[in-house]
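Structure at a glance
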Amino acid sequence: MVPDPLSGVLPAYGRHMARSPSSPAFWRSPVRGPWFTSVLGVVLLVGITVLFVTGLLSYASYNPDLSPVNDKTPDKGVLGFYLFSWPTDPPWLYRLNQGVHVTLGIALIPVLLAKLWSVVPKLFALPPARSLAHALERISLLLLVGGALFEFVTGVLNVQLDYLFPGSFYPLHFYGAWVFFAAFVTHAVLRVPTAVRNLRGLRDEGRLREEDPLRGDASPRGGEELVSPAPAEPTVSRRGALWFVGGGSLLLFGTTVGQNFDGPLRATAVLAPHGGSEPGSGPAGFQINKTAASRGITAAETSEEAWRLVVEGRGGTVRLSREELLGLSLHSSALPIACVEGWSTSDQWWRGVRLRDLAALVGYEADAAPDVLVESLQRRGAFRRAALRDNQVRDSRSLLALFVNGEPLTPDHGYPARIIVPAAPGVLNTKWVARMTFGDL
Ligand SMILES: Nc1nc2c(c(=O)[nH]1)N[C@H]1C(S)=C(S)[C@@H](COP(=O)(O)O)O[C@H]1N2
Ligand SMILES: [Mo]
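Described in the following lines is the structure provided in the data block.

Rules behind the numbers
Residues numbered from 1 in each chain as written. Chains lettered and ligands numbered in written order. Predicted model: local features only at pLDDT ≥ 70, side-chain atom pairs only at ≥ 80, totals over all residues. Heavy atoms only, no water. Pairing = 2+ DSSP bridges. Helix = DSSP H or I, 4+ residues; strand = E, 2+ residues; numbered from the N terminus. Near = heavy atom within 4 Å. Polar contact = N/O pair within 3.5 Å; in protein donor to acceptor, adjacent residues only side chain to side chain. Areas by Shrake-Rupley, 256 points an atom, 1.4 Å probe, with all protein chains shown as cover. Nonpolar A, V, L, I, M, F, W, Y, C, P; charged D, E, K, R; others polar. Axes fitted to C-alpha atoms, helices over the stretch in contact; angles between N-to-C directions. Parallel < 35°, antiparallel > 145°, perpendicular 65-115°, else oblique. Left-handed = near helix turned anticlockwise from the far one by under 90°. Contact = heavy atoms within 4.5 Å. Patch = residues over 30% accessible without salt bridge, like charges linked within 9 Å, V, L, I, M, F, W, Y side chains within 5 Å. Salt bridge = Lys/Arg side-chain N within 4 Å of Asp/Glu carboxyl O. Phe/Tyr/Trp six-rings, centres within 6.5 Å; stacked < 30°, edge-to-face > 60°. Buried < 20%, exposed > 50% of the residue type's maximum accessible area, 1.4 Å probe, protein only. 1 Å grid on protein atoms, 1.4 Å probe; cavity = no way out; pocket = protein on both sides within 12 Å on 5 of 7 lines; lining within 4 Å. Points joined across faces, edges and corners; volume = space filled by probe spheres on them.

Structural notes on the pairing of strand β1 (residues 309–313)
- Sheet analysis places β1 next to strand β2 (residues 316–320), joined by five bridges and oriented antiparallel. When the sheet's bridge partners are listed, Val311 is paired in β2 with Val318.
- Between the end of β1 and the start of β2, which pair antiparallel, lie two residues.
- Relative to strand β10 (residues 433–438), β1 runs parallel, the two being bridged by three bridges. Bridge pairing links Val310 to Arg435 in β10.

As structure tokens, this is what we get:
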């Protein structure tokens, strides 16, 4: 599709100028122009705004204000101004939020690439700056393009490569998002009026042409510099090119979205890292993030003889075997697991002891249960401990689960006991729990 810049007929002046990408005649695709750029721009305006909002919500869902354990970006300063207690309702809140964030982010990749392609001649335009305002605008564009590429690349690498940057993904993606979004807002404020004028103008023009077929082009609306002065023969219409981009997005969407569902749909998620793999069947046949073996959890330390749950609070410390936990009042909740990576399960049937009842064992009224720090047997690596806020502890659906779907937990799902909390991100659902410390964190 990229034409040889030197072939074809060029105006005489363009013939040697066109060797340089700083010359407008170097760029010959007839697809480039204000309409194409404006359509893609409006799609990104909506899409990236949704990505930013769901991203900030995703960060809030970790309850980073609660304890240093949960906080993946301790130096966030004022950027955490918006944080709030993550609710427990509706129970699918995080599943929806993260599904939208990851699936939409992946589906927007073709749109982003097409948008960058559509304005690439501007990157080479000379002189670098015509005025101070122009210089500032170009710097903001560098932050915009760099920020967009950075956010999409770090996001995709995290989802695809299983935490390529283990601890550092969160700060990179979080600070990157703020830099990118600041440049994005600046750009939108400067360009949305032009884009709207372009789209509306072209529509009106079409209507006027129908009335008066001899009518010429309307007055310039901005973005005309994107039109090649020496266009090559078109091989595809602008509309066709747009369908191509949209088709790419649809394809990515269709091969990703299945990771949010169980059953045969999950197998359609061939692009999702865990999606294509078979989570098995039966009661434990749902997605596993980290296996017991990969976390160094052995059968010896989870055995009936060896394993004890230590529960601590202002009223003292109790130690409970799995047998003793089974003797407490058991309850069921249907809740999903939803991971930051964008995959989730449907509701699973968990059965175990309510967190509020465990708080009551160590000196708290169930309705006044405090925060809790949960630590697993796991000695190294990420996610071995997580804190839950009081509203999560008090919710009667929050469990220390001992069973899932009618069977004892399997080692990979956290045997002997794991946390499950409504609407919380998967990472707070600590597996292989060894110790729970209640108290205000
Ligand atoms: N101890 C421990 N608990 C953990 C993890 C872990 O690595 N170690 N992974 C967490 C993450 S990121 C998710 S998404 C869920 C996945 O639970 P599952 O493997 O049962 O689906 O467990 C959470 N609990
Ligand atoms: Mo996760």
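Quick notes on the site of ligand 1
- The environment of ligand 1 is made up of 19 residues, and the closest members are Gln287, Gln378, His413, Arg418 and Lys431.
- At a separation of 2.6 Å, an oxygen atom of ligand 1 approaches a polar backbone atom of Gln287.
- Separating an oxygen atom of ligand 1 from a backbone N or O atom of Asn289 is a distance of 2.9 Å.
- Compared with its free state, where it exposes 530 Å², ligand 1 has 100% of that area covered by protein.
- The residue inventory of the shell around ligand 1, partitioned by class, reads seven nonpolar, eight polar and four charged.

Here we look at the sheet that holds strand β6 (residues 385–388)
- A sheet is described by the order of its strands in space; here five strands give the open sequence β2-β1-β10-β5-β6, paired in mixed fashion. Both outer strands of the open sheet, β2 and β6, are each paired with one neighbouring strand and no more. Strand-to-strand twist of the sheet, defined as the mean angle between neighbouring strand axes without regard to direction, takes the value 15 degrees.

Considering the packing of helix α2 (residues 34–60) against helix α3 (residues 93–107)
- Contact pair α2 / α3: the axes reach a minimum separation of 9 Å and the direction vectors enclose 140 degrees. By the criterion of interaxial angle, the relationship of α2 to α3 is oblique. Here α2 runs over α3; the crossing is left-handed. For the pair α2 and α3, contact is made by Gly47, Val50, Leu51, Thr54, Gly55, Leu57 and Ser58 and by Tyr94, Asn97, Gln98, Val100, His101, Leu104 and Gly105, respectively.
- Here the contact of α2 with α3 is built from residues that sort into six nonpolar, eight polar and no charged.

As for a nonpolar patch on the surface
- A cluster of nonpolar residues, Val42, Val46, Val50, Trp92, Leu96 and Val100, forms a patch on the protein surface that exposes about 480 Å² of accessible area.
- The set of elements that each furnish at least two residues to the nonpolar patch consists of α2 and α3.
- Per-element tally for the nonpolar patch: the top contributor is α2, with three residues.
- By the secondary structure assignment, Val46 is in helix α2.

Here we look at the packing of α3 against helix α4 (residues 109–123)
- Contact geometry of α3 with α4 gives a least axis separation of 4 Å together with a crossing angle of 40 degrees. In terms of their interaxial angle, α3 and α4 are classed as oblique. Judged by residue contacts, Gly105, Ile106 and Ala107 of α3 engage Ile109, Pro110 and Val111 from α4.

Considering the packing of aromatic side chains
- In the structure shown here, the tally under the stated rule is 16 aromatic pairs.
- Look at Phe36 and Trp117: their rings are 6.1 Å apart centre to centre, the planes differ by 90 degrees, and that puts the pair in the edge-to-face class. Pair noted here: Phe36 is in helix α2 and Trp117 is in helix α4, with a separation of 81 residues, a long-range link.
- Phe36 sits in the buried class, given a relative accessible area of 2%.
- For Trp117, a relative accessible area of 29% gives the class partly exposed.
- With a centroid separation of 3.7 Å and 5 degrees between ring planes, the pair formed by Phe52 and Phe181 is classed as stacked.

Examining the pairing of strand β5 (residues 372–376)
- The buried fraction of β5 amounts to four of the five residues, a majority that puts the element mostly inside the structure.
- Where β5 meets β6, four bridges bridge the pair, whose relative direction is antiparallel. Its bridge partner lying in β6, Val374 is registered against Ala386.
- The pairing of β5 with β10 spans five bridges and is antiparallel. Bridge pairing links Val372 to Phe438 in β10.

Regarding the layout of surface pockets
- Empty space within the largest pocket amounts to approximately 790 Å³.
- Taken together, 34 residues form the lining of the largest pocket, with Lys115, Val119, Leu144, His187 and Arg191 sitting closest to its centre.
- For the lining of the largest pocket, the secondary structure elements donating two or more residues are α2, α4, α5 (132–160) and α6 (169–211).
- A per-element tally of the lining of the largest pocket places α6 first, with nine residues.
- Each residue belonging to the lining of the largest pocket can be placed in one class, and the counts come to 21 nonpolar, eight polar and five charged.
- Its volume calculated, the second largest pocket comes out at about 470 Å³.
- Lining the second largest pocket are 21 residues, and of these Pro121, Lys122, Ala125, Arg130 and Glu225 lie nearest its centre.
- Elements represented by at least two residues in the lining of the second largest pocket include exactly α4 and α5.

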